[in-house]
Amino acid sequence: MKLLINWLLSATALLAVAYLYSGVVVTSFTAALIAAAVLGALNMVVRPVLVILTLPVTVVTLGLFLFIVNALMFWAAASLVSGLSVRGFGAALIGSLIYSVLQLAIDFVLERLFLNQ
């Protein structure tokens, strides 16, 4: 149940990113659902490999390079899903930052909600 709610809220967060920032466009809620699933899969499979491969750069930049890795995941999801478009790498960076903040809030609320059950 928690996974399904998280998926729906992640799709809603993608719609919110598109509403808040004009560099990211989501055509429909269905596209947002697919994009949220693809973004979750990329973050689960590809992101850990990229984090390991870029560890020296991440250490030198005191962790700031992880913003670049997040933007790459966001940009990759946009290239794989036809209903999500990002207007360049800068837009992917800003969109991934907004999405990360929203996802952090979603995770916090869901943790509190399901902690009581």
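Since this is a predicted model, take the numbers as computed values, not measurements.

Caption draft 1: Layout of the overall build of the protein. A tally of regular secondary structure across the protein gives five helices and two strands. Helices and strands appear in the protein in the N-to-C order α-β-α-α-α-β-α. The C-alpha atoms of the protein give 14 Å as radius of gyration, which agrees with the globular expectation for 117 residues (13 Å, within 12%). Counting only C-alpha atoms, the protein reaches 40 × 35 × 25 Å along its principal axes. Taking all 117 residues of the protein together, the buried fraction comes to 31%. In the protein, 63% of the contacts between residues at least 6 apart in sequence involve partners at least 24 apart. Entry remark: accessible area of the protein is about 7000 Å², with carbon and sulfur atoms responsible for 76%.

Caption draft 2: Focus on helix α4 (residues 65-80). Between the first and last C-alpha of α4 there are 23 Å, a value that for 16 residues agrees with the 22 Å anticipated at 1.5 Å per step. The complete set of buried residues in α4 reads Val 69, Asn 70, Ala 71, Met 73, Phe 74, Ala 77 and Ala 78. If you follow the buried residues of α4, they end up packed against α1 (2-20), β1 (24-26), α2 (29-53), β2 (84-86) and α5 (89-115).

Caption draft 3: Fine view of the packing of aromatic side chains. The final tally for this structure, using the stated rule, is two aromatic pairs. Centre to centre, the rings of Phe 74 and Tyr 99 are 6.1 Å apart; their planes meet at 45°, and the pair counts as tilted. Of this pair, Phe 74 sits in helix α4 while Tyr 99 sits in helix α5, and the two are 25 residues apart along the sequence. The buried category is assigned to Phe 74, whose relative accessible area is 1%. Note on Tyr 99: relative accessible area 9%, which makes it buried.

Caption draft 4: Structural detail: the packing of α2 against α4. Viewed as axis vectors pointing N to C, α2 and α4 meet at an angle of 140°, and their least axial separation amounts to 10 Å. Classed by the angle they form, the pair α2 and α4 counts as oblique. Helix-helix and strand crossings are classified by hand; for α2 and α4 the assignment is right-handed. On α4, the residues touching Val 38, Leu 39, Leu 42, Asn 43, Val 46, Arg 47, Leu 50 and Val 51 of α2 are Leu 66, Val 69, Asn 70, Met 73, Phe 74, Ala 76, Ala 77 and Leu 80. By residue class, the composition of the contact of α2 with α4 is 13 nonpolar, two polar and one charged.

Caption draft 5: Fine view of the environment of Leu 104. Assignment of secondary structure puts Leu 104 in helix α5. For the pair formed by Leu 104 and Leu 8, sequence separation is 96 residues and the distance between their alpha carbons is 15 Å.

Conventions and cut-offs
Residues numbered from 1 in each chain as written. Predicted model: local features only at pLDDT ≥ 70, side-chain atom pairs only at ≥ 80, totals over all residues. Heavy atoms only, no water. Helix = DSSP H or I, 4+ residues; strand = E, 2+ residues; numbered from the N terminus. Rg over C-alpha atoms; globule rule 2.2 N^0.38 Å. Buried < 20%, exposed > 50% of the residue type's maximum accessible area, 1.4 Å probe, protein only. Contact = heavy atoms within 4.5 Å. Areas by Shrake-Rupley, 256 points an atom, 1.4 Å probe, with all protein chains shown as cover. Expected span 1.5 Å × (residues − 1). Phe/Tyr/Trp six-rings, centres within 6.5 Å; stacked < 30°, edge-to-face > 60°. Axes fitted to C-alpha atoms, helices over the stretch in contact; angles between N-to-C directions. Parallel < 35°, antiparallel > 145°, perpendicular 65-115°, else oblique. Left-handed = near helix turned anticlockwise from the far one by under 90°. Nonpolar A, V, L, I, M, F, W, Y, C, P; charged D, E, K, R; others polar.

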